[in-house]
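# An overview of the molecular structure
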Amino acid sequence: MPSKKNTKYLLLLILFFTYSFTFSQNATKFKVVLDAGHGGEDPGALKNGIKEKDVVLHVVLKIGKILEKYKDIEVIYTRKTDIFIGLRERANIANKAKANLFISVHCNGVKSTAARGTETFVMGMSRTDTNLDIAKKENGVIFLEKDYNEKYKGFDPNNPETLLGLKILQEEFLDQSISLASEIEKNFVKDNNRFSRGVKQQPIWVLDATVMPGVLIELGFVTHPVEGKYLNSEKGKEEMSESISNAIVSYKNNYFNGVVAERETVENATPTKADLNFENNNSDNSNKEKSNKTYYKVQISAGTKKLDTKPSNFKGLKNITVEKDKKLYKYFYGEETDLVACTKKLEEAKKKGYTSAYIVTFTN
């Protein structure tokens, strides 16, 4: 049986992450942080008198004006004027606000005048560990609540086991970020007749440092003669801001107040040694009962495109299942009634390259 100390630690772990990360999801208002890239002495991409910092600020202010019409949406800006804000401060603004969503708006610019198209980025999973380190060292507000010592006595946010819950949350947030990014790109094509370069994953610092679903939008290339002119026009700014706003509202309707139910994976994530010992000691007596109530799968990926579950699509892994959750297809490896057996499946998946895979518990 788990010791009283381990049980107390686990309860504190669940309490901490429930309070810190699901509080804002249950709040009355949906908080959106709008981040206009660059600013001040940092103009961003430049071409033919077009400055990225100006275009994105105008678009962000238009997005905010649209969203502020909704009584249940609160808009927070990283900047509303032509000033420079460091990346760390942009992330801190979002984290301190306990925001539900982070939207960073940019424009592209390259030497070639032929490059064109929109693209939306989400957090690159190759930086998940870096994300945890940044959150721990530089965004201490995530962990340091008022009366922290009294509320979470004995709880150490620097403990690697404590950060496990944060990692699971970040990976779950990635699914939601992909969903939003896909909606934004779809709107750009359908409503604005833009050319889309798609949704991409990259290790972008400001996304890595914010602990909430978020995207970085590239509206297009200011260096393209036609696209740049469109982005700098009032018509272009209005249309792009409308498409982004519609995607945000759609996201809110799909996920806000529905996120907490998915947070069950925090306490049901990769088991600790105490969990494994408990499972081994009780497997003979409880497996029959558990098989009718609980089973475990390894989530290896998620996306908006439905794939055939054949091994060739999943690095040779067999027994792949797929479930649709709103607009996302979630792919799972294996199905076990025993947590220890599922842990072995998790190890297999990670050896195949699914380094961000994690265990999900299904009940009934």
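Only a predicted model underlies this, so the values are computations on that prediction, with no experimental measurement involved.

### A short note on the pattern of salt bridges
With the rule as written, the count across this model stands at 14 salt bridges. Ionic pairing is found between glutamate 238 and lysine 62, a salt bridge with its closest N-O pair at 3.0 Å. One end of the pair, glutamate 238, is in helix H9 (residues 234-255); the other, lysine 62, is in helix H2 (residues 52-67), with 176 residues separating them in the sequence. A salt bridge links glutamate 119 to arginine 197; the nearest nitrogen and oxygen atoms lie 3.5 Å apart. Highlighted residues: glutamate 119 in strand S6 (residues 118-123) and arginine 197 in strand S7 (residues 196-202), separated in sequence by 78 residues. Residue classification places glutamate 119 among the buried positions, given a relative accessible area of 6%. On the accessibility criterion, arginine 197 (34% relative accessible area) is partly exposed. Salt bridges sharing common partners tie together Lys62, Glu234 and Glu238.

### Side note on the sheet that holds S7
What the six strands build is an open sheet, ordered S4-S1-S5-S8-S6-S7; its pairing is mixed. Looking at which strands have only one partner, the edges of the open sheet turn out to be strand S4 (73-77) and S7. Averaged over all adjacent pairs, the angle separating strand axes in this sheet is 20 degrees, with direction ignored. Across five bridges, the pairing between S6 and S7 is parallel.

### What to know about the pairing of S6
Of all six residues making up S6, six are buried, and the element is well covered by its neighbours. Sheet topology note: the S6/strand S8 (residues 214-221) ladder contains three bridges and is antiparallel. Bridged to phenylalanine 121 within S8 is leucine 216.

### Brief notes about the pairing of strand S12 (residues 358-363)
Here S12 lies mainly inside the structure; five of its six residues are buried. The sheet contact formed by strand S9 (residues 294-303) and S12 spans six bridges and is antiparallel. Residue pairing across strands places lysine 297 opposite valine 360, the latter belonging to S12.

### Digging into the environment of threonine 294
In this fold, threonine 294 is placed in strand S9. Of the residues examined, threonine 294 reaches a relative accessible area of 16% and is grouped as buried. For threonine 294 and threonine 337, which are 43 residues apart along the polypeptide, the C-alpha to C-alpha distance reads 6.4 Å.

### Side note on the packing of aromatic side chains
What the rule picks out here adds up to two aromatic pairs. Between the aromatic rings of phenylalanine 30 and tyrosine 251, the centroid separation amounts to 6.2 Å while the plane-to-plane angle is 50 degrees, which identifies the pairing as tilted. A residue pair is termed long-range when its members are at least 10 positions apart, and phenylalanine 30 in strand S1 (residues 30-36) and tyrosine 251 in helix H9 qualify at 221 residues. This pair shows no difference in class: phenylalanine 30 is buried, exactly as tyrosine 251 is. With a centroid separation of 5.1 Å and an interplanar angle of 45 degrees, the aromatic rings of phenylalanine 314 and tyrosine 331 are classed as tilted. Within this pair, whereas phenylalanine 314 is found in the loop between S9 and strand S10 (320-325), its partner tyrosine 331 is found in strand S11 (residues 328-336), the two being separated by 17 residues in sequence.

### Structural notes on the sheet that holds S11
Judged by pairing direction, the sheet is antiparallel, and its four strands sit side by side in the order S10-S11-S9-S12 without closing on themselves. The open sheet has two edge strands, S10 and S12, and neither has a second partner. When strand polarity is set aside, the average angle formed by the axes of neighbouring strands in this sheet is 40 degrees. Sheet analysis places S9 next to S11, joined by six bridges and oriented antiparallel. Across the sheet, serine 301 pairs through a bridge with tyrosine 331, a residue of S11. Strand contacts of helix H11 (residues 339-351): S9, S11 and S12, with the helix running at about 20 degrees to S9, the strand carrying the most contacts.

### Comments concerning the nonpolar core
General note: in soluble globular proteins, nonpolar side chains tend to be found buried as a group. Leu34, Ile103, Leu219, Ile244 and Ile248 are the most contacted members of the largest nonpolar core, which totals 42 residues. With 16 residues, the next largest nonpolar core counts Tyr296, Val298, Ile300 and Leu339 among its residues.

### Points about the packing of H2 against H9
Relative to each other, H2 and H9 sit at 50 degrees, their axes nearing to 8 Å. With respect to H9, the element H2 is oriented oblique. At the point where H2 passes H9, the crossing takes the right-handed sense. Of the residues in H9, those touching H2 at Val55, His58, Val59, Lys62, Ile63, Ile66 and Leu67 are Glu234, Lys237, Glu238, Ser241, Glu242, Ile244, Ser245, Ile248 and Val249.

### Observations concerning the packing of helix H8 (residues 225-232) against H9
Helix packing for two helices is described by the angle between their axes and how far apart those axes are. The N-to-C vectors of H8 and H9 enclose an angle of 80 degrees; their axes lie 4 Å apart at closest approach. As far as their axial angle goes, H9 and H8 are roughly perpendicular. Along the contact surface, H8 presents Tyr230, Leu231 and Asn232, while H9 presents Glu234, Lys235, Gly236, Lys237, Glu239 and Met240. Here the residues of the contact of H8 with H9 sort into three nonpolar, two polar and four charged.

Each value, and the rule that gives it
- Residues numbered from 1 in each chain as written.
- Predicted model: local features only at pLDDT ≥ 70, side-chain atom pairs only at ≥ 80, totals over all residues.
- Heavy atoms only, no water.
- Salt bridge = Lys/Arg side-chain N within 4 Å of Asp/Glu carboxyl O.
- Helix = DSSP H or I, 4+ residues; strand = E, 2+ residues; numbered from the N terminus.
- Buried < 20%, exposed > 50% of the residue type's maximum accessible area, 1.4 Å probe, protein only.
- Pairing = 2+ DSSP bridges.
- Axes fitted to C-alpha atoms, helices over the stretch in contact; angles between N-to-C directions.
- Phe/Tyr/Trp six-rings, centres within 6.5 Å; stacked < 30°, edge-to-face > 60°.
- Contact = heavy atoms within 4.5 Å.
- Core = buried A, V, L, I, M, F, W, Y, C linked by side-chain atoms within 4.5 Å.
- Parallel < 35°, antiparallel > 145°, perpendicular 65-115°, else oblique.
- Left-handed = near helix turned anticlockwise from the far one by under 90°.
- Nonpolar A, V, L, I, M, F, W, Y, C, P; charged D, E, K, R; others polar.

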